Amino acid sequence: MIEVKNLTKRYGNHMAVDHLSFQIQEGQIYGFLGPNGAGKSTTMNMITGYIASTEGTVMINGHDILEEPEEAKKSIGYLPEQPPLYFDMTVLEYLKFAAQLKKIEKSRQKDLIYEAMDMVQITDMKDRLIKNLSKGYKQRVGLAQALLGNPKTIILDEPTVGLDPKQIIEIRDLIKSLGERHTVILSSHILSEVSAICDYVMIISHGKLVASDTPENLAKLMEGENSLELTVRGEKSRIQAALKEFSQVEELDFTQSEEKGAEDVRLKTRGNEDVREELFYALANARLPILRMQAVHVSLEDIFLELTSDDKTQEEGEEE
């Protein structure tokens, strides 16, 4: 388990990370989501011990990352946004070198290296020079390095940046498969990536944690359980009067429909009860046929834009 308390990083007068606190439990894929410049990479670097925090603590399986870095780092594998590769080495040479840096027992190194290569599907590339690999395969080599030693938690900072669409899909599928054996923390500013991969989402804005929940619960929190869109045949005044008689309606918003003689209505009802059947009969009794009715589902994009709407463009070169 990773426990972050009051984590803060200042660069002069700039607050890159502002008193973050959260916990990472085992067995899930976490998405750390925020716009560019929000503080994601800085947070990842502090969690993994690459940089020191100004304030706060990071505990990894009971070990402080700054007080007991060697013990803490045994439980994590880290892939930075720019993988730390040596291009003049072969894949196998590089992974042997990484295994030595991680102080993996010599007797276990070969088995663990081949296990990592098999997991990320680069075994057939083991004798190729890294500089001759595609960007997608270089990313896989970086992932293999992170997986060496079978750490409990894998931390990936923007793992699909710069990849083509096919490579992005391959890396996403690979991350999903890693989630079956490891806890994964994925930093990204790409909404579709987090939606496709993650079980749990943490949204960061201006260095602060502004939301933390499953994508489904965030959607319910933002929109409420009972938001509906309807297309109703009839005059707007009659539809409005009928809906206002319906006591559970809280908000109404009308727009012109493409259906002739009909109105599109977006409404929100009180409480968490499913009111679709009751609403159908209420409008039917008023002789106002419902041509379409569907529940409104808020996307992660809607939530992200709502929670980070006051983000300002960061100055060029500012620390993330």
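An account of the accompanying structure is given in this report. Values in this document were obtained by computation on a predicted structure and should not be read as measured data.

What about helix α6 (residues 165-178)?
- In this model, α6 (14 residues) spans 20 Å end to end at C-alpha, consistent with the 20 Å of a helix rising 1.5 Å per residue.
- Buried residues of α6: Q167, I168, I171, R172, L174, I175 and L178, and no others. The arc enclosing the buried residues of α6, seen along the axis, measures out at 160°, which places them on a common side. Counted as exposed and oriented over 90 degrees from the buried face of α6: P165 and K166.
- As for α6, its buried residues are in contact with β3 (29-33), α4 (106-119), α5 (135-147), β7 (153-157), β8 (183-188) and α7 (191-197).
- Its side-chain oxygen at 3.1 Å from the backbone nitrogen of K166, D164 defines the N-terminal cap of α6.

Here we look at the packing of aromatic side chains
- What the rule picks out here adds up to six aromatic pairs.
- Residues Y30 and Y200 carry aromatic rings whose centres are separated by 5.3 Å and whose planes lie at 55° to one another, so their mutual orientation is tilted. Taken together, the positions of Y30 in strand β3 and Y200 in strand β9 (residues 200-205) put the pair 170 residues apart, joining distant regions of the chain.
- In this structure Y200 comes out as partly exposed when scored by relative accessible area, which is 21%.
- Judged by centre distance (6.4 Å) and plane angle (45°), the rings of Y86 and Y94 are tilted.
- On the basis of relative accessibility, which here comes to 46%, the residue Y86 falls in the partly exposed class.
- Members of the aromatic cluster, connected to one another through ring pairs, are Y86, Y94 and F97.
- Against the face of F87 rests K138, its NZ or CZ located 4.7 Å from the ring centre.
- One cation-aromatic arrangement involves R140 over Y137; the distance from NZ or CZ to the ring centre is 5.6 Å.

A word on the layout of surface pockets
- By volume, the largest pocket is sized at about 810 Å³.
- Lining the largest pocket are 24 residues, with K73, I76, L101, K102 and K103 positioned closest to its centre.
- Breaking the lining of the largest pocket down by element, the ones donating at least two residues are α2 (69-73), β6 (76-79), α3 (91-101) and α5.
- The element contributing the most residues to the lining of the largest pocket is α3, with four residues.
- Along the lines of polarity and charge, the residues of the lining of the largest pocket split into 13 nonpolar, four polar and seven charged.

Topic: the packing of α3 against α4
- One way to put it is that α3 packs onto α4 with a least axis distance of 10 Å and a crossing angle of 125°. As judged from the angle between their axes, α3 and α4 are oblique. Along this stretch, α3 crosses α4, giving a crossing that reads as right-handed. Here V91, L92, L95, K96, A99 and Q100 of α3 lie close against α4, whose contacting residues are Q109, I113, Y114 and M117.
- Its residues assigned to classes, the contact of α3 with α4 comprises seven nonpolar, two polar and one charged.

Observations regarding the sheet that holds β7
- If you trace the six strands from one edge of the open sheet to the other, you get β6-β7-β8-β3-β9-β10, paired in mixed fashion. Whereas interior strands pair on both sides, the edge strands pair on one side only; in this sheet they are β6 and β10 (208-213). Adjacent strand axes in the sheet meet at a mean angle of 15°, parallel and antiparallel pairs treated alike.
- Summarising the sheet, β3 and β9 pair through four bridges and their orientation is parallel. What sits directly across from F32, in β9, is M202.
- Strands in contact with α6 are β3, β7 and β8; relative to β8, the strand with the most contacts, it is inclined by about 150°.

About the thresholds
Residues numbered from 1 in each chain as written. Predicted model: local features only at pLDDT ≥ 70, side-chain atom pairs only at ≥ 80, totals over all residues. Heavy atoms only, no water. Helix = DSSP H or I, 4+ residues; strand = E, 2+ residues; numbered from the N terminus. Expected span 1.5 Å × (residues − 1). Buried < 20%, exposed > 50% of the residue type's maximum accessible area, 1.4 Å probe, protein only. Arc of directions from axis to C-beta. Contact = heavy atoms within 4.5 Å. Polar contact = N/O pair within 3.5 Å; in protein donor to acceptor, adjacent residues only side chain to side chain. Phe/Tyr/Trp six-rings, centres within 6.5 Å; stacked < 30°, edge-to-face > 60°. Lys NZ or Arg CZ within 6 Å of the ring centre and 35° of its normal. 1 Å grid on protein atoms, 1.4 Å probe; cavity = no way out; pocket = protein on both sides within 12 Å on 5 of 7 lines; lining within 4 Å. Points joined across faces, edges and corners; volume = space filled by probe spheres on them. Nonpolar A, V, L, I, M, F, W, Y, C, P; charged D, E, K, R; others polar. Axes fitted to C-alpha atoms, helices over the stretch in contact; angles between N-to-C directions. Parallel < 35°, antiparallel > 145°, perpendicular 65-115°, else oblique. Left-handed = near helix turned anticlockwise from the far one by under 90°. Pairing = 2+ DSSP bridges.

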